[in-house]
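Here are the chains, one letter per residue:
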Amino acid sequence: MSGVGPGHGSELLAAIRRVLGADGVSDPVQTAARVAWSVIVEPGDSVAGELMAALGSERALGSVLLAADGAFEDLLDGCVEAGVPGAEDPDAFAGVLHTAIDRWRPRLVRSDVADVVASAEAVGARLLVPGSAGWPTAIDDLGPHAPLVLWTRSATGVGDGAPALAVVGSRANTIAGAEAAAEITSSAADAGCTIVSGGAYGIDAVAHRVAIAAGAPTIAVLAGGIDQLYPAGNVQLLHNVARQGALVAESAPGTRPTRWRFLARNRLIAALADAAVVVEAGARSGALNTAHHAGQLGRPVFAVPGAFASSASVGCHRLVAQGRAQLVVHPGDPVAAMRPVAASGVTAAADEPLVSVQRDPEVVRVLDALGRRALPEAEIARRSGLSGAAVADALALAQLQGLVAHSSGGWGRA
């Protein structure tokens, strides 16, 4: 891989130190390997997360590169020795590793850390890694699905320890929805909260604008690279967010937003906040995906009610009806809930996950292929009639939605 290898290059390490800023703790070599990993894998890749946690970013990267060239047994033995979760059953875990390497292989020889860092420097972005100054430790609640790195554009930092409220909802909001989002955001801003959202049209934009007008810090989590300000109509708003709060991205600079990455970034919005409120959401709104992640993380979830016949409020009503969210009776209710879950009275629902986004046809086929016992990916591919790569992608999306879970025996319904 260009930009990471023996010697690592003094120019690259100097660039890594520059984007790390004042952080004097992080090892530039390990950090360069983390950046390389962030280029190779898609957000939330738990196999990569487990390998890095057990082996370290540089050793994990080197072992995977060698495994892709044929030294697979060495990687498997290293995982067994290091106690990587799942490796206690080497035969089953070998299949997991093979599948992971197959999906990483196209990017293993094409990513260039030096180019990534140069693109970040060009827009004044800063790099955060776990343990570095400014790393938001709440993100660690995501476990192996946590981001490998974070890129930020900020005048102040990602978080200053103040309570944070996620305000999300429909892109095609109603006037009533905009008013509700504004009141809730204003109440949170007056209480000294940071406002977290996704920078999208609709409710997201309302939340960011009200926070900026109130002088409150606000964080926009991007679905692409830190240099990819999207949507185009919100570019000026996102620049304003960077000046008063922070833009945050886990994908490498240059990465374009995609449907998958929008779903993946929702877990970061949920993790960065102490509570989440869904203002408006249709039956298949991505905001419901954020609410699902917040509930899984033990964050209090609130939903704003709307008109009985309003399609913009169907998702909110279902959240409340299924016990996944509390009803917002007063704009200050979400702020009052920002204390430990035991005190707030809100717990994550344990029943079948809410279907929060339109199902991808390949996800449906994979779910149909699952039986009563866990199955390896090869068997799922045979039953579903999909390629191994398509099965891996569909399982990753289904896992993000809480529909499937992985064990040493393979994949099964969550």
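Everything numeric here is computed off the predicted structure, so don't read it as measured data.

Parameters at a glance
The written sequence of each chain sets the order in which its residues are numbered from 1. Side-chain atom pairs in this predicted model are given and counted only at pLDDT of 80 or more, local residue features only at pLDDT of at least 70, and totals for whole chains, interfaces and linings cover all residues. Just so you know, side-chain values use all the structure's heavy atoms and leave hydrogens and water out. Counting from the N terminus, the helices are the DSSP runs of H or I reaching at least four residues and the strands are the DSSP runs of E reaching at least two. All radius of gyration figures rest on C-alpha atoms, and the globule criterion is 2.2 Å times the number of residues raised to 0.38. Note on contacts: a residue pair qualifies if any of its non-hydrogen atoms lie within 4.5 Å across the two residues. None of His or the chain ends enter the tally, which takes Lys and Arg as positive and Asp and Glu as negative. Just so you know, the charge point we use is NZ for Lys, CZ for Arg, CG for Asp and CD for Glu. Think of a polar contact as two N or O atoms within 3.5 Å of one another; within protein, one of them needs to be a possible hydrogen donor and the other a possible acceptor, and neighboring residues in sequence only count if both atoms come from side chains. Partly exposed residues are those whose accessible area sits between 20% and 50% of the maximum for their type, while under 20% is buried and over 50% is exposed, using a 1.4 Å probe and protein chains only. For two strands to count as paired, DSSP must find a minimum of two bridges between them. To obtain each axis, a line is fitted to C-alpha atoms, and for helices this fit is confined to the stretch in contact; angles are then taken between N-to-C directions over 0 to 180 degrees. pLDDT measures the predictor's confidence residue by residue and takes values from 0 up to 100. Should an angle lie under 35 degrees it is considered roughly parallel, over 145 roughly antiparallel, and from 65 to 115 roughly perpendicular; all remaining angles are considered oblique. When the near helix sits turned anticlockwise from the far one by under a right angle, the crossing is termed left-handed; a clockwise turn instead gives a right-handed crossing. Whenever a carboxyl oxygen of Asp or Glu lies within 4 Å of a side-chain nitrogen of Lys or Arg, that contact is scored as a salt bridge. Stacked, tilted and edge-to-face pairs are distinguished by plane angle, under 30 degrees for stacked and over 60 for edge-to-face with tilted covering the rest, among Phe, Tyr and Trp rings (Trp via its six-membered ring) whose centres lie within 6.5 Å. For a ring to carry a charge above it, either NZ of a lysine or CZ of an arginine must fall within 6 Å of the ring centroid while also lying within 35 degrees of the normal to the ring plane. In this classification, Asp, Glu, Lys and Arg are treated as charged, Ala, Val, Leu, Ile, Met, Phe, Trp, Tyr, Cys and Pro as nonpolar, and every other residue, Gly included, as polar.

Enquirer: Honestly, the overall build of the protein chain in this entry has me stumped. Any pointers?
Expert: Along the backbone of the protein chain there are 18 helices and 11 strands. Relative to the globule expectation of 22 Å for 414 residues, the C-alpha radius of gyration of the protein chain, 21 Å, shows essentially globular dimensions. Across its three principal axes, the protein chain shows a C-alpha extent of roughly 60 × 50 × 40 Å. Long-range contacts, defined as pairs at least 24 residues apart, comprise 74% of the intrachain contacts of the protein chain with a sequence gap of at least 6. When the 30 positive and 39 negative side-chain charges of the protein chain are each reduced to one mean point, those points stand 6 Å apart.

Enquirer: Just to check I follow, could you spell out the side chain of Thr218 for this structure?
Expert: Inspection of the secondary structure assignment puts Thr218 in strand E5 (residues 218-221). In this structure the side chain of Thr218 is engaged in a polar contact, spanning 2.8 Å, whose partner is the side chain of His208.

Enquirer: Please explain the pairing of strand E7 (residues 275-278) as it appears in this structure.
Expert: Taken residue by residue, a regular strand's side chains alternate between the two faces of the sheet. Burial along E7 is two-sided: the face carrying Ala275 and Val277 and the face carrying Ala276 and Val278 are both buried. Bridge analysis of strand E3 (residues 164-168) against E7 gives four bridges, and the strand direction is parallel. For Val168, the partnering residue across the bridge sits in E7 and is Val278. Here E7 pairs with strand E8 (residues 301-303) via three bridges, running parallel.

Enquirer: How do you make sense of the sheet that holds strand E2 (residues 150-154) when you look at a structure like this?
Expert: Note on sheets: strands pair through backbone hydrogen bonds, and any given pair is parallel or antiparallel. Read across the open sheet, the nine strands follow the order E1-E2-E6-E5-E4-E3-E7-E8-E9; overall the sheet is mixed. Strand pairing shows two members of the sheet lacking a second neighbour, strand E1 (126-128) and strand E9 (326-327), which therefore form its edges. Packing of helix H13 (residues 314-321) onto the sheet brings it into contact with E7, E8 and E9, and relative to E8 it is tilted by some 130 degrees.

Enquirer: What should I look at first to understand the environment of Ala60 in this one?
Expert: Mapped onto the elements of the fold, Ala60 is located in helix H4 (residues 57-68). A relative accessible area of 0% means that Ala60 is categorised as buried. C-alpha of Ala60 to C-alpha of Trp37: the two residues are 23 residues apart in sequence and 9.3 Å apart in space.

Enquirer: How do you make sense of the confidence of the model for the protein chain when you look at a structure like this?
Expert: Low pLDDT means the predicted atomic positions in that stretch should not be read closely. Confidence in the prediction for the protein chain averages 86 pLDDT; 91% of positions are at 70 or higher. Long-range and interchain partners of residues 1-8, a stretch whose pLDDT sits below 50, account for 19 contacts in this model, where long-range means more than four residues apart. Every residue in residues 340-358 scores below 50 in pLDDT, and together they form 41 contacts with partners more than four places removed in sequence or on other chains.

Enquirer: In this structure, what is going on with the environment of Leu148? I would like to understand it.
Expert: In this fold, Leu148 is placed in the loop between E1 and E2. Here the alpha-carbon distance between Leu148 and Trp37, two residues 111 residues apart in the chain, equals 7.4 Å. For Leu148, the residues in contact, after removing those within four places along its chain, are Arg34, Trp37, Ser38, Val41, Gly49, Met52 and Pro130.

Enquirer: Is there a simple way to think about the packing of helix H11 (residues 259-272) against helix H12 (residues 286-296) in this case?
Expert: Geometrically, a packed helix pair is captured by the angle between its two axes and the distance between the axes. Orientation of H11 relative to H12, taken along the N-to-C sense of each, is 45 degrees, at an axis distance of 8 Å. Viewed along their axes, H11 and H12 adopt a mutual orientation that is oblique. When you trace H11 past H12, the crossing you get is right-handed. In this structure, H11 contributes Leu263, Asn266, Arg267, Ile269 and Ala270 to the contact, and H12 contributes Gly286, Asn289, Thr290, His293 and Ala294.

Enquirer: Looking at this structure, I do not really get the pattern of salt bridges. What am I missing?
Expert: Oppositely charged side chains can pair when the atoms bearing their charge come close. In this structure the tally under the stated criterion is nine salt bridges. Between Arg107 and Glu42 there is a salt bridge whose closest N-O contact spans 2.7 Å. Placement of the pair is Arg107 in helix H6 (residues 90-108) and Glu42 in the loop between helix H2 (28-40) and helix H3 (46-55), with a sequence separation of 65 residues. On the basis of relative accessibility, which here comes to 29%, the residue Arg107 falls in the partly exposed class. Judged by its relative accessible area of 22%, Glu42 is partly exposed. Asp102 is the salt-bridge partner of Arg105, the closest N and O atoms lying 3.4 Å from each other. Of the two residues, Arg105 and Asp102 are both situated in helix H6; the distance of three residues between them amounts to about one turn of the helix. When salt bridges that share partners are traced, they join Glu42, Arg107 and Arg261 into one network.

Enquirer: In this structure, what is going on with the packing of aromatic side chains? I would like to understand it.
Expert: The relation between two aromatic rings is expressed through the spacing of the ring centres and the mutual angle of the planes. Scanning the entire structure with this criterion turns up two aromatic pairs. With 5.2 Å between their ring centres and 85 degrees between their planes, Trp37 and Trp104 make a pair best called edge-to-face. Of this pair, Trp37 sits in helix H2 while Trp104 sits in helix H6, and the two are 67 residues apart along the sequence. A residue is classified by how much of its surface remains accessible, and Trp104, at 1% relative accessible area, is buried. Their ring planes at 55 degrees and their centres at 5.8 Å tell us that Tyr230 and Phe262 sit as a pair that is tilted. With Tyr230 in the loop between E5 and helix H10 (235-244) and Phe262 in helix H11, the pair connects residues that are 32 residues apart, well separated along the chain. Above the ring of Phe262, the side-chain terminus of Arg171 is found at 5.4 Å from the ring centroid.

Enquirer: Please explain the packing of helix H1 (residues 10-20) against helix H7 (residues 113-122) as it appears in this structure.
Expert: In contact at an axis separation of 10 Å, H1 and H7 are set at 35 degrees when each is read in the N-to-C sense. Viewed along their axes, H1 and H7 form a crossing whose handedness is left-handed. Across the interface between the two elements, Leu12, Ala15, Ile16, Arg18 and Val19 of H1 pack against Val113, Ala114, Val117 and Glu121 of H7. Here the residues of the contact of H1 with H7 are counted per class, giving seven nonpolar, no polar and two charged.

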